[in-house]
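Coordinate inspection notes
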Amino acid sequence: MAEVAVSMKWDKRKIQSFDNNGKKGLIRMGFDIANQARRNAPYLTGALSNSIRVEENADLVEVIAGGKMGGKDIRYAAIQEFGGKAGRNRSVTIRGKHYMQRALDNIMTGDYLKKYFGGVA
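This write-up is about the structure you can find in this document. (Residues numbered from 1 in each chain as written. Predicted model: local features only at pLDDT ≥ 70, side-chain atom pairs only at ≥ 80, totals over all residues. Heavy atoms only, no water.)

Comments concerning the overall build of the protein chain
- A tally of helices and strands in the protein chain yields five helices and six strands.
- Listed by position from the N terminus, the elements making up the protein chain come as β-α-α-β-β-β-α-β-β-α-α.
- Taken across its 121 residues, the protein chain has 40% of its residues classed as buried.
- A separation of at least 24 residues holds for 56% of the contacts in the protein chain among residues at least 6 apart in sequence.
- A total of about 7,500 Å² of accessible surface is found on the protein chain, and carbon and sulfur atoms cover 50% of it. (Helix = DSSP H or I, 4+ residues; strand = E, 2+ residues; numbered from the N terminus. Buried < 20%, exposed > 50% of the residue type's maximum accessible area, 1.4 Å probe, protein only. Contact = heavy atoms within 4.5 Å. Areas by Shrake-Rupley, 256 points an atom, 1.4 Å probe, with all protein chains shown as cover.)

Here is the structure:
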């Protein structure tokens, strides 16, 4: 199973000036990254963009594309992100679309600390 993920870990020991709002900021940021990645993802059937989701476990917030979704295995998320050889006998070269990286770069511009975390750095 090939997935692409953007992971953000909330570590209160390293960033003591943040409080519980810090994790809420990461979650908001994750949803904004996911929405942007959906807009950036190549679209043929919509399965790839529909597979993009935000998952939260303890202090980890991840934006994930691909994997098993709705009975389908979206195996091509990584090759669409990074590019590479695909198809029978690896005879097709796919150019990376970098839909997740472009989404992250777009969100991490401007005054994103203020937008998601109230300006605390």
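Here we look at the side chain of serine 51
- Tracing the chain through its elements places serine 51 in helix 2 (residues 47-51).
- A distance of 2.7 Å separates a polar side-chain atom of serine 51 from the backbone oxygen of leucine 48.
- In this structure, serine 51 is in contact with Ile64, Ala65, Gly66, Met69 and Ile74, ignoring residues within four places of it in sequence. (Polar contact = N/O pair within 3.5 Å; in protein donor to acceptor, adjacent residues only side chain to side chain.)

Regarding the pairing of strand 2 (residues 53-57)
- When strand 2 meets strand 3 (residues 60-69), the two strands line up antiparallel, connected through five bridges. Bridging across to strand 3, arginine 53 finds its partner in isoleucine 64.
- Counted between consecutive antiparallel strands, the loop separating strand 2 from strand 3 contains two residues, among which alanine 58 sits at a positive phi close to 50 degrees. (Pairing = 2+ DSSP bridges.)

Digging into helix 4 (residues 99-107)
- For helix 4, the full list of buried residues reads Tyr99, Met100, Ala103 and Ile107. Relative to the axis of helix 4, the buried residues are bounded by an arc of 100 degrees and lie together on one face. (Arc of directions from axis to C-beta.)

Here's the deal with unusual backbone geometry
- Even without being a glycine, arginine 90 presents a positive backbone phi close to 55 degrees.
- Positionally, arginine 90 belongs in the loop between strand 5 (83-86) and strand 6 (92-95).
- Of note in this structure, histidine 98 is not a glycine but carries a positive phi near 55 degrees.
- Position of histidine 98 relative to the elements: it lies in the loop between strand 6 and helix 4.
- Residue classification places histidine 98 among the partly exposed positions, given a relative accessible area of 35%.

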